[in-house]
Amino acid sequence: MTRTSPITPGAAGTQEARAGAAVDISDLHRSFGEVRAVRGVDLRIAPGEVVAFLGPNGAGKSTTIDMILGLTRPDRGSVTLFGAEPTLAVRTGQVGAMLQSGALLPDLSVRELVSLFAALQPHPLAVDEALERAGISDIAGQRTQNLSGGQSQRVRFALAVVADPDLLVLDEPTVAMDVEVRQAFWASIRQFAASGRTVLFATHYLQEADDFADRIVVMAKGSVVADGTGASIKERVSGRRLTAVIPDATGEQLTALPGVTTVEQVGSRMSLQCSDSDTALRAVLTQFPQIHEIEIHQANLEEAFLRLVATEGAAS
Ligand SMILES: Nc1ncnc2c1ncn2[C@@H]1O[C@H](COP(=O)(O)OP(=O)(O)OP(=O)(O)O)[C@@H](O)[C@H]1O
Ligand SMILES: [Mg+2]
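Along each chain, residue indices are assigned from 1 in the same order as the chain's sequence is written. As they are written, the chains are lettered A onward and the ligands numbered 1 onward, keeping that order. With pLDDT at 70 or above as the cut-off, local features in this predicted model cover only qualifying residues; side-chain atom pairs require 80 or more to be listed or tallied, and sums for whole chains, interfaces and linings still use all residues. With hydrogens and water stripped out, all remaining heavy atoms of the structure feed into the side-chain values.

Under an unreviewed UniProt entry, the protein chain has the name ABC transporter ATP-binding protein and belongs to Nakamurella sp. A5-74. UniProt positions are given in the numbering used here, feature names are shortened, and annotations may be inferred rather than shown by experiment. The UniProt entry for the protein chain carries the following comment under Subcellular location (unreviewed entry): "Cell membrane".

Student: Before we go on, may I ask you to explain the UniProt feature "domain: ABC transporter" (unreviewed entry) in the protein chain in this structure?
Tutor: Look at the UniProt record and you will see "domain: ABC transporter" (unreviewed entry) annotated at residues 23-246. Secondary structure elements are defined from DSSP: runs of H or I of at least 4 residues count as helices, runs of E of at least 2 residues count as strands, and each element is numbered from the N terminus. Helix makes up 33% of residues 23-246 and strand 29%, with an end-to-end C-alpha separation of 53 Å.

Student: How do you make sense of the sheet that holds strand E13 (residues 292-298) when you look at a structure like this?
Tutor: To summarise the sheet geometry, strands pair through backbone hydrogen bonds and adopt either a parallel or an antiparallel arrangement. What the four strands build is an open sheet, ordered E11-E12-E10-E13; its pairing is antiparallel. For this open sheet the edge positions go to strand E11 (260-266) and E13, each flanked by a neighbour on one side alone. If you compare each strand with its neighbour and ignore which way they point, the axes differ by 20° on average. Pairing of E11 with strand E12 (residues 269-274) involves six bridges; the strand directions are antiparallel. The residue bridging Val-266 from the neighbouring strand is Arg-269, located in E12. The contact definition used throughout considers only heavy atoms, calling two residues in contact when any of these lie within 4.5 Å. Only the contacting stretch of a helix is used when fitting its axis, a line to C-alpha atoms as for every element, and angles between N-to-C directions run 0 to 180 degrees. Taken strand by strand, helix H11 (residues 277-287) contacts strand E10 (240-245), E11, E12 and E13, and its axis lies near 170° from that of E13. Pairs of strands are assigned from DSSP output, requiring at least two bridges between the strands.

Student: Explain the pattern of salt bridges here, please?
Tutor: Two side chains that carry opposite charge are able to pair once their charged atoms sit near each other. When a carboxyl oxygen of Asp or Glu is within 4 Å of a side-chain nitrogen of Lys or Arg, the pair counts as a salt bridge. As enumerated under the stated definition, the model contains nine salt bridges in all. Between Arg-215 and Asp-227 there is a salt bridge; the shortest N-O distance is 2.9 Å. Placement of Arg-215 in strand E8 (residues 215-220) and of Asp-227 in strand E9 (residues 223-228) is noted, with a sequence separation of 12 residues between them. Exposure classes here rest on a 1.4 Å probe applied to the protein chains alone. A residue is buried below 20% of its type maximum, exposed above 50%, and partly exposed in between. Residue classification places Asp-227 among the partly exposed positions, given a relative accessible area of 41%. Overlapping salt bridges, with partners in common, bring together Glu-49, Arg-215 and Asp-227 in one network.

Student: What's the story with the pairing of E10 in this structure? I'm lost.
Tutor: Remark: a regular strand shows side chains that alternate across the two faces of the sheet. Pairing of E10 with E12, which is carried by five bridges, proceeds in the antiparallel orientation. Bridging from a neighbouring strand, Ala-244 pairs with Met-270 of E12. The pairing of E10 with E13 spans five bridges and is antiparallel. Counted as the bridge partner of Val-245 is His-292 from E13.

Student: Would you mind showing me how to read the site of ligand 1 here?
Tutor: Whether a residue is near a molecule or strand is decided by its heavy atoms; if any one of them lies within 4 Å of it, the residue is near. Near ligand 1, the surroundings consist of 14 residues, among which Asn-57, Gly-58, Lys-61, Thr-63 and His-204 are the closest. For this analysis, a polar contact is any N or O atom pair within 3.5 Å, provided that within protein one partner can donate a hydrogen and the other can accept it, and provided that sequence-adjacent residues contribute only side-chain to side-chain pairs. Between Gly-60 and ligand 1, the recorded distance is 2.9 Å, taken from a backbone N or O atom to an oxygen atom. A distance of 2.7 Å is found between an oxygen atom of ligand 1 and a side-chain nitrogen or oxygen belonging to Lys-61. For ligand 1, the accessible surface in isolation is 630 Å², of which the surrounding protein chains cover 63%. Among the elements of the structure, strand E2 (35-45) and helix H2 (61-68) are those that each provide at least two residues to the shell around ligand 1. Split by residue class, the shell around ligand 1 holds five nonpolar, seven polar and two charged. Under the convention used here, a 1.4 Å probe and the Shrake-Rupley method define accessible areas, while residue burial counts only the protein chains that appear. Note on residue categories: nonpolar means Ala, Val, Leu, Ile, Met, Phe, Trp, Tyr, Cys or Pro, charged means Asp, Glu, Lys or Arg, and polar means any other residue, Gly included.

If you want it as structure tokens, here you go:
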């Protein structure tokens, strides 16, 4: 990673309140030419929180993370970590990061690479401990260029934890990890967070965010479109779908029914997305008694989440 630049100092609000936050982001903006990658993000993460950054490709997650780490300079706004500038927090070993891109240094063994990183840290973990936490003790002797995708990710994780940081920032950490490795990875993160430390990770998957984060911050098109617990986000995006053959009913009539949010025609069937499927069912039976072949499905959470991101992101 070659990009380094200072972050604009200074922030609104009282110094006292700001110093208490692990991450404090205020009115953050960043464009790349015409692309407005980050458009006014405000976010405060308290010490001890495990926060997921959830959003589709291009939402601005990595750009925000790069600014949190002091790797990209914001066009406007500020970031502080534990009340200090990001570059300072990184230098003092308060922050460990796992980035989405960037190759591992070649021609070193895994142990040599982790040792090299440890030597740069003011208060590192023992190298063996970092290898163990990342589940890579068994490949410590392998050359970094010969690792599989999932193994490389675990080495990146070792490089992030070897600083023994107060804050871990992880950009799509589980990409390329198989199911077993993924589970071990999250167990290690839980152990890290249980000691009152802070974790921010980016992901595309609502399920992963819900399983491992206390709080989910949903980004779309450069803005935060939802921020809350997994349950509160799911409440907004979930719901049921009622499908049936409904002779003579128009989409307009069906959309007007109570409990129905949107209507689609799929072949000979009508598909009703419902906020309240019980109410919708009663209403449709009353108004269209000739309805038949009724089926009610639990909405696919990921699909519903994508709909939320599409509508909220477009409106911003
Ligand atoms: N260095 C850059 N130069 C030009 N455009 C960039 C650069 N970095 C990011 N972008 C653009 O900014 C937008 C946000 O990108 P970003 O990488 O932050 O998204 P993301 O949410 O991390 O996406 P993904 O889930 O694919 O990792 C995208 O449209 C991307 O093409
Ligand atoms: Mg990204």
